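# Structural characterization, general
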Amino acid sequence: MKKVFIITGEVSGDKHASGVARELMMLNPDVQIEAVGGENLAKMGVKLFHNHDKMGAVGLSPSVVFNHVILGAKIVGYLKNVFKPDLVLLVDYGAFNLSVSKHLKRAGIKTFYFIPPQIWASRKWRLRTVKKNIDKVLTIFPFEKKMYDEAGVENVYVGHPLVKELPAPADRAEFFRRHGFDLNKKLVSIFPGSRPFEIKFLFKIFMNTAKIIEKTRNDVQFAVSHATNLPDNAFKTDFKTIKGENHALLSASDALILASGTVALEAALYKTPMIIAYRGPLFFYMVYLLVRSIKKACLVNIITGKDIVPEFLMYDAKAGKIAEKIMNILDSEKEKMLQLSGFRETEELLSSKHCVEEAAKIINEELTKKEG
């Protein structure tokens, strides 16, 4: 019986890892899988060594760092002395997993990395850690391959999980009826982020943007996405808020105002025109400027290498400028077609591979090779 141990640190990683576990168990019914994960892996019948519910804490407080160090030591001790896996699969959660990888290497444990840290975007020095400690990287962006090839890191492009995991677009008429929207008006949806500091720095800008548009247009209505992890009183607004229906809202809208992040890639796959904006503390922005490896922020622009989605970052994120661009998107067929063309190119570049199936196949090939 072969043993695999999976380490995740957040809900998204748990979700993607559960897909890999499902496919791996179908390929190899005798495989024994344990993990650091959450409810998605548990539902697959994977035994959890530790539930990662509290691992996704944001910040570098002494308690967070201490808890991560203690957990890392417990995991490594368990793997070396008790479970003794044939392979460890690290999933996302870069800082923690890269730290653990050093100890796994010393213990002689074969280690693969699925959804690796975004080294291509910032902190390129982490590539040395990957090269030293990771046996194979399973990448999700096509442009990552060149970077790993040049560094001499064994890697395979498995496709992006969103391509196959994204729910079907919502029925626009049904969605509008259910939430009381006017079918004769255009819907602009606002995604202010899911982290408290994003709400602090972006929400007011986005609300002012909507008010500017509202003053000059009577054919536009607004909705605000309320992230499920935020309390009900996270922000106050007169606009309709919708909680727990991100994908439906992305697909049913005419245009989107987004905080930068994976949500932009989801919007692109739904073919919904957008702008992205981001603003945070000046100190963190200065640090970001020092460590970044690319100048683009939106994943659509990074994947295509083109300026498809307008970006309003830091002090460029002003309500008046964003409002003008959104109205241009709503009115200009040329602007919409430019974005739609970029979205189609993005989807083509991400390939039609079923990401978790590919990852499971590669892992099973490694396990089978070891049997031989």
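These numbers were taken from a predicted model, which means no experiment stands behind them. Position numbers for residues count from 1 along each chain, tracking the sequence in the order it is written. Per-residue local features of the predicted model are confined to residues with pLDDT of at least 70, and side-chain atom pairs are confined, for both listing and counting, to 80 or more; whole-chain, interface and lining totals are unaffected and use all residues. With hydrogens and water stripped out, all remaining heavy atoms of the structure feed into the side-chain values.

What follows is about the pairing of strand β4 (residues 87–91). Exposure categories follow from relative accessible area, calculated using a 1.4 Å probe and restricted to protein chains: below 20% of the type maximum is buried, above 50% is exposed, and the middle band is partly exposed. Secondary structure elements are defined from DSSP: runs of H or I of at least 4 residues count as helices, runs of E of at least 2 residues count as strands, and each element is numbered from the N terminus. Of all 5 residues in β4, 5 are buried; the element is thus mostly enclosed. Side chains L87, L89 and V91 project from β4 onto one buried face, and the interleaved V88 and L90 project onto a second face that is buried too. Here strand β1 (residues 3–7) pairs with β4 via 4 bridges, running parallel. Its bridge partner lying in β4, V4 is registered against L87. For two strands to pair, DSSP has to find at least two bridges joining them. Relative to strand β5 (residues 111–114), β4 runs parallel, the two being bridged by 4 bridges. Looking across to β5, one finds that L90 is bridged to Y113. Look down the strands so they point away from you; if going from the first strand over the helix to the second traces a clockwise path, that crossover is right-handed. What joins β4 to β5 is helix α4 (residues 94–106), and the crossover it makes is right-handed.

Another aspect to go through is the sheet that holds β5. Reading across the sheet, the 7 strands line up as β3-β2-β1-β4-β5-β6-β7 and stay open at both edges, with parallel pairing between neighbours. Pairing within the sheet leaves two strands with one partner each, and these edge strands are β3 (47–51) and β7 (155–157). Direction aside, the axes of adjacent strands within the sheet are offset by 15° on average. Two residues qualify as a contact provided that any one of their heavy atoms is within 4.5 Å of a heavy atom in the partner residue. What counts as an axis is a line fitted to C-alpha atoms, over the stretch in contact for a helix, and the angles between N-to-C directions run from 0 to 180 degrees. This element, α4, spans β1, β4 and β5 of the sheet and lies at about 160° to β4.

What follows deals with the packing of aromatic side chains. Paired rings are identified among Phe, Tyr and Trp, the last through its six-membered ring, by centres lying within 6.5 Å, and are further divided according to the angle between planes into stacked (under 30 degrees), edge-to-face (over 60) and tilted (the rest). Considering all chains together, one arrives at 11 aromatic pairs under this definition. Arranged with centres 6.0 Å apart and planes meeting at 10°, the rings of Y78 and F83 form a pair that is stacked. Taking the relative accessible area as the measure of exposure, F83 reaches 3% and is therefore buried. Look at F203 and F235: their rings are 4.6 Å apart centre to centre, the planes differ by 20°, and that puts the pair in the stacked class. Remark: F235 occurs in the loop between β9 (220–226) and β10 (240–243) and F203 occurs in helix α9 (residues 196–216); sequence separation between them is 32 residues. F235 matches F203 in its accessibility class, with the two residues each being buried. Of the aromatic side chains, those joined through ring pairs into one cluster are F5, F49, Y78 and F83.

Turning our eyes to something else, we now look at the packing of helix α5 (residues 126–133) against helix α6 (residues 144–151). Relative orientation of the contacting elements α5 and α6 amounts to 65°, with a least axis distance of 11 Å. As far as their axial angle goes, α6 and α5 are roughly perpendicular. Considering how the two elements wind past one another, α5 and α6 form a crossing that is right-handed. From α5, L127, V130 and K131 reach across to α6, where they touch M147, Y148 and A151. Charged means Asp, Glu, Lys or Arg here, nonpolar means Ala, Val, Leu, Ile, Met, Phe, Trp, Tyr, Cys or Pro, and polar covers whatever is left, Gly included. For the contact of α5 with α6, the class distribution of residues is 5 nonpolar, no polar and 1 charged. Every angle not falling under 35 degrees, over 145, or within 65 to 115 is termed oblique; those three ranges are roughly parallel, roughly antiparallel and roughly perpendicular. A clockwise turn of the near helix away from the far one marks a right-handed crossing, whereas an anticlockwise turn of less than a right angle marks a left-handed crossing.

This brings us to the pattern of salt bridges. Every case where a carboxyl oxygen of Asp or Glu lies within 4 Å of a side-chain nitrogen of Lys or Arg is listed as a salt bridge. Enumeration over the complete set of coordinates arrives at 20 salt bridges. Put simply, D307 and K296 hold a salt bridge, and the shortest N to O gap is 2.7 Å. In this pair, D307 is assigned in the loop between α13 (299–304) and β13 (311–313) and K296 in the loop between α12 (282–291) and α13, connecting sequence segments 11 residues apart. The class of D307 is exposed, set by a relative accessible area of 62%. What you see here is one network of salt bridges that share partners, running through E174, R177, R178 and E245.

Counting buried positions over the 6 residues of strand β8 (residues 186–191) gives 5, a clear majority of the element. For β8 and β9, the ladder comprises 5 bridges, and the chain directions are parallel. Paired with L187 across the strands is Q221, a residue of β9. Here 4 bridges tie β8 to strand β11 (residues 255–259), and the two strands are oriented parallel to one another. Across the sheet, the residue bridging to S189 is L256, located in β11.

One open sheet accounts for 6 strands, arranged β10-β9-β8-β11-β12-β13; its pairing is parallel. Pairing within the sheet leaves two strands with one partner each, and these edge strands are β10 and β13. In this sheet, adjacent strand axes meet at a mean angle of 20° when their direction is disregarded. Two elements, β9 and β10, share 4 bridges in a ladder whose sense is parallel. Its bridge partner lying in β10, S225 is registered against I242. Most of the contacts of helix α11 (residues 262–269) go to β11, to which it runs at about 160°, and overall it touches β8, β11 and β12 (274–278).

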